[in-house]
Amino acid sequence: QVQLVESGGGLVQAGGSLRLSCAASGRTFGTYAMGWFRQAPGKEREFVATIDWSGGSTTYADSVKGRFTISRDGAKHTVYLQMNSLKPEDTAVYYCAAYPKVGNIAQMTSWKYWGQGTQVTVSS
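Residues numbered from 1 in each chain as written. Predicted model: local features only at pLDDT ≥ 70, side-chain atom pairs only at ≥ 80, totals over all residues. Heavy atoms only, no water.

Engineer: Could you clarify how one ought to interpret the pattern of salt bridges in this entry?
Structural biologist: Side chains that carry opposite charge are capable of pairing whenever their charged atoms lie near each other. The full count for this structure, using the stated rule, is five salt bridges. Asp52 serves as the salt-bridge partner of Lys101, at 2.4 Å between the closest nitrogen and oxygen. A residue pair is termed long-range when its members are at least 10 positions apart, and Lys101 in the loop between β9 (92–99) and β10 (113–114) and Asp52 in strand β5 (residues 46–52) qualify at 49 residues. Residue classification places Asp52 among the buried residues on the basis of a relative accessible area of 13%. Arg67 is the partner of Asp90 in a salt bridge, and the nearest nitrogen-oxygen pair spans 2.8 Å. Taken together, the residues span a long stretch of sequence, with Asp90 in the loop between β8 (78–83) and β9 and Arg67 in the loop between β6 (58–60) and β7 (68–73) at a distance of 23 residues. For Asp90, a relative accessible area of 0% translates into the label buried. Salt bridges sharing common partners tie together Arg38, Glu46, Arg67 and Asp90. (Salt bridge = Lys/Arg side-chain N within 4 Å of Asp/Glu carboxyl O. Helix = DSSP H or I, 4+ residues; strand = E, 2+ residues; numbered from the N terminus. Buried < 20%, exposed > 50% of the residue type's maximum accessible area, 1.4 Å probe, protein only.)

Spelled out as structure tokens, the structure:
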């Protein structure tokens, strides 16, 4: 099994920055992709960013391109989300997840392991 523990959420003003961390444990992750998702109140969970654990290739939602950066430290089994130029519309619960590269990556059910979520609130 894989355990994911998020940290770094909080309250920031618009235009500020925040870095989220996701520590993974339980097994190796060489064949996994890691990702960040978010869910605002009353809305569906949505994709934010992904990174291949071993290769380092990344992808981003259009809404965060140029502002957010996903990265990973393989030795620490940790993935990060650096969030800059934050906007009130970024307010959501942010989740870290792991994809074992089985099934369709675009389907939420293919992401088998999830963290507990961390609240990010951006004030005007």
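Engineer: I'm lost on the side chain of Arg38 in this one. Help?
Structural biologist: With respect to the helices and strands, the residue Arg38 is situated in strand β4 (residues 33–39). Arg38 gets classed as buried once you look at its relative accessible area, which sits at 6%. In terms of polar contacts, Arg38 uses its side chain to reach the side chain of Glu46, at 2.8 Å. A polar atom in the side chain of Arg38 sits 3.0 Å from the side chain of Asp90. Among residues more than four places away in sequence, those in contact with Arg38 are Glu44, Arg45, Glu46, Val48, Ser63, Val64, Phe68, Glu89, Asp90, Ala92, Val93 and Tyr94. (Polar contact = N/O pair within 3.5 Å; in protein donor to acceptor, adjacent residues only side chain to side chain. Contact = heavy atoms within 4.5 Å.)

Engineer: What is the right way to read the sheet that holds strand β1 (residues 3–7) from this model?
Structural biologist: By way of backbone hydrogen bonds, the strands of a sheet pair with one another, either parallel or antiparallel. Sheet architecture is open: four strands sit in the order β1-β3-β8-β7, paired in antiparallel fashion. For this open sheet the edge positions go to β1 and β7, each flanked by a neighbour on one side alone. Between one strand axis and the next, the sheet turns by 15° as a mean value, whatever way the strands run. In terms of strand pairing, β1 meets strand β3 (residues 18–25) through five bridges, oriented antiparallel. The partner of Glu6 across the bridge, within β3, is Cys22. (Pairing = 2+ DSSP bridges. Axes fitted to C-alpha atoms, helices over the stretch in contact; angles between N-to-C directions.)

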